[in-house]
Amino acid sequence: MHIVADENIPLLNEFFGEIGEITRVEGRSMSKSDLEGADILLVRSVTKVNRQLLEGTTVRFVGTATIGTDHIDTDYLQEAGIAFASAPGCNAQAVVDYVLSALSVVVDERGVQFSDLSVGIIGVGNVGSLLRARLESMRVTVLAVDPFRDPEEVGELVSLDEALTADVVTLHTPLTKDGEHPTWHLIDAERLAQMKTDACLINSGRGPVVDNQALLAHMRANRNFEAILDVWENEPEVDLDVMHRCLLATPHIAGYSLDGKMRGTEYVYQGLCEFYGLPIRRKLAQFLPEPGVKRVNFSDQVPLNQALRTAIRAAYEIRVDDGVMRTAMKRSDDLRATFDALRKNYPLRRDIPTLRVGVPAKCHDLQDVLAAAGFDVRIK
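Residues numbered from 1 in each chain as written. Predicted model: local features only at pLDDT ≥ 70, side-chain atom pairs only at ≥ 80, totals over all residues. Heavy atoms only, no water.

Looking up the protein in an unreviewed UniProt entry gives the name Erythronate-4-phosphate dehydrogenase, with the organism given as Thalassolituus marinus. Under the heading Subcellular location (unreviewed entry), UniProt records this for the protein: "Cytoplasm". Turning to the protein, the UniProt annotation filed under Pathway (unreviewed entry) states: "Cofactor biosynthesis; pyridoxine 5'-phosphate biosynthesis; pyridoxine 5'-phosphate from D-erythrose 4-phosphate: step 2/5." (UniProt positions renumbered as here; feature names shortened; annotations may be inferred.)

Read across the open sheet, the five strands follow the order β2-β1-β3-β4-β5; overall the sheet is parallel. For this open sheet the edge positions go to β2 (21-25) and β5 (83-85), each flanked by a neighbour on one side alone. Strand after strand, the sheet turns through a mean of 15° between neighbouring axes, direction not considered. Relative to strand β3 (residues 40-43), strand β1 (residues 2-6) is paired through three bridges, and the arrangement is parallel. Opposite Val 4, over in β3, you have Leu 41 as the bridge partner. Packing against the sheet, helix α11 (residues 258-276) makes contact with β3, β4 (61-64) and β5, and its axis sits at approximately 160° to β4. (Pairing = 2+ DSSP bridges. Helix = DSSP H or I, 4+ residues; strand = E, 2+ residues; numbered from the N terminus. Axes fitted to C-alpha atoms, helices over the stretch in contact; angles between N-to-C directions. Contact = heavy atoms within 4.5 Å.)

Checked against the element boundaries, Ser 101 lands in helix α4 (residues 92-110). In this structure Ser 101 comes out as buried when scored by relative accessible area, which is 0%. Looking at Ser 101, its side chain comes within polar contact range of the main-chain nitrogen of Ile 318, at 3.1 Å. Once residues lying within four places of it in the same chain are set aside, the contact partners of Ser 101 are Ile 312, Tyr 316, Glu 317 and Ile 318. (Buried < 20%, exposed > 50% of the residue type's maximum accessible area, 1.4 Å probe, protein only. Polar contact = N/O pair within 3.5 Å; in protein donor to acceptor, adjacent residues only side chain to side chain.)

Okay, the nonpolar core next. In terms of nonpolar packing, the biggest core is built from 53 residues, with Leu 135, Met 138, Leu 370 and Phe 375 touching the most fellow members. Those elements giving two or more residues to this core turn out to be α4, β6 (118-122), α5 (126-137), β7 (141-145), β9 (200-203), α12 (304-315), β13 (356-359) and α15 (364-372). In terms of residues, this core owes the most to one element, α4, which gives 11 residues. Setting aside residues up to four positions removed in sequence, Leu 370 forms contacts with Phe 298, Ala 307, Leu 308, Ala 311, Val 357, Val 359, Phe 375 and Val 377. The next biggest cluster of nonpolar side chains, apart from the first, holds 36 residues, and it includes Val 158, Leu 186, Val 209 and Val 242. (Core = buried A, V, L, I, M, F, W, Y, C linked by side-chain atoms within 4.5 Å.)

Summed over all chains, the structure comprises 22 salt bridges. The partner of Arg 132 in a salt bridge is Glu 136, with the nearest N and O atoms 3.1 Å apart. Of the two residues, Arg 132 and Glu 136 are both situated in helix α5; the distance of four residues between them amounts to about one turn of the helix. According to the relative accessible area criterion, Glu 136 is partly exposed, its value standing at 38%. One salt bridge in this structure joins Arg 220 and Asp 241, with 4.0 Å as the shortest N-O distance. Highlighted residues: Arg 220 in helix α9 (residues 212-221) and Asp 241 in helix α10 (residues 240-245), separated in sequence by 21 residues. Since its relative accessible area comes to 46%, Arg 220 is described here as partly exposed. Judged by relative accessible area, which is 42%, Asp 241 ranks as partly exposed. (Salt bridge = Lys/Arg side-chain N within 4 Å of Asp/Glu carboxyl O.)

This brings us to the sheet that holds strand β12 (residues 295-297). The strand order across the open sheet formed by three strands is β12-β13-β14, and the pairing between neighbours is parallel. The sheet terminates laterally at β12 and β14 (376-379), the two strands that pair on one side only. Direction aside, neighbouring strands of the sheet carry axes that sit 25° apart on average. Bridge analysis of β13 against β14 gives four bridges, and the strand direction is parallel. If you follow Gly 358 over to β14, its bridge partner there is Arg 378.

With that settled, consider the UniProt feature "active site" (unreviewed entry) in the protein. The sites that UniProt annotates as "active site" (unreviewed entry) are Arg 206, Glu 235 and His 252. Across 47 residues of sequence, these annotated residues stay compact in space, with a maximum C-alpha separation of 10.1 Å. As for its placement among the helices and strands, Arg 206 is situated in the loop between β9 and α9. Accessibility expressed as a relative area gives 15% for Arg 206, which makes it buried. When sequence neighbours within four positions are dropped, the list of residues in contact with Arg 206 reads Ser 45, Gly 68, Asp 70, Thr 173, Pro 174, Leu 175, Val 231 and His 252. Within the structure, the side chain of Arg 206 is placed 2.9 Å from the side chain of Asp 70, a separation counted as a polar contact. Structurally, Glu 235 is set in the loop between β10 (226-229) and α10. Setting aside its immediate chain neighbours within four residues, Glu 235 contacts Arg 28, Asp 230, His 252 and Phe 339. At 2.9 Å, the side chain of Glu 235 and the backbone nitrogen of Trp 232 are in polar contact.

Right, here's the structure in full:
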């Protein structure tokens, strides 16, 4: 079989090498000519998979190594009899880590504890539900909204209006323009005006869920309002005026942990094997390297909030990615190419649960809050 794949999908040879011949292609510029003779197409979120790309090709299976599927015309795939697999939840932990690191900056800036914050979570799918569980276990007040979920399954839900009253609002929805609850420009000028004048908006989901020009105007009019953006309207084109106003700005890498990316490849591999009736011979555990930072130890003298911030940033320091992006964009003559290069060359990062944290036996509160945040707590 002939496999055409985005060149940035990890472990292509390891998972798919024995299944067929692999041709690597730049994902954002992939075209129909790249699919000549292809049986299988493997993509990430930067490739639009639709009739225009696939009609008249020999592709019979499409896999996306991502949680989101709004870049895939699934109606066309069904109409054309093309099998499809995605990777729901593959990088949920990585996105949660991103939000926790962002919140660690917010609490430092405001001189408060995590438990002093209220957080509105818009969308409680794979990411939002995991984030909710983490935050509530960390004693953070959560206001969650999702019109598609059953409160009996995911816990108490509130209205969007109520969720927007939180200190921090974080977005975890797909991008949709149709239906009863479209999310395109869900956060517009009117909804921004509903938020606290000193609130913080985090978007690590889909860029156009936030009207970026309305956000820019709102930040100009409300100097204490903050935004943390990982995704951007019209990316890879980034509005530098919006970026400069943001508290933190990153290049669509919230879900880019090594674990998350590799897990996405594994999920698609499993879907492909199921479709073709092949045995599953590869497991992710075979390929994951040792974490760069294996363990952090705390004494019984460290304040709880300080220990939590330190552990989160040992696992993932969002301010590094913010600094790298701002420097690269400032020096860039081609913002689109720079944005894509930042994603393509993103350094190794591991999920929070891979980090062991040593805590004295008598520090029960510290053990509890670190375990709640997802760390591998070890008693010493």
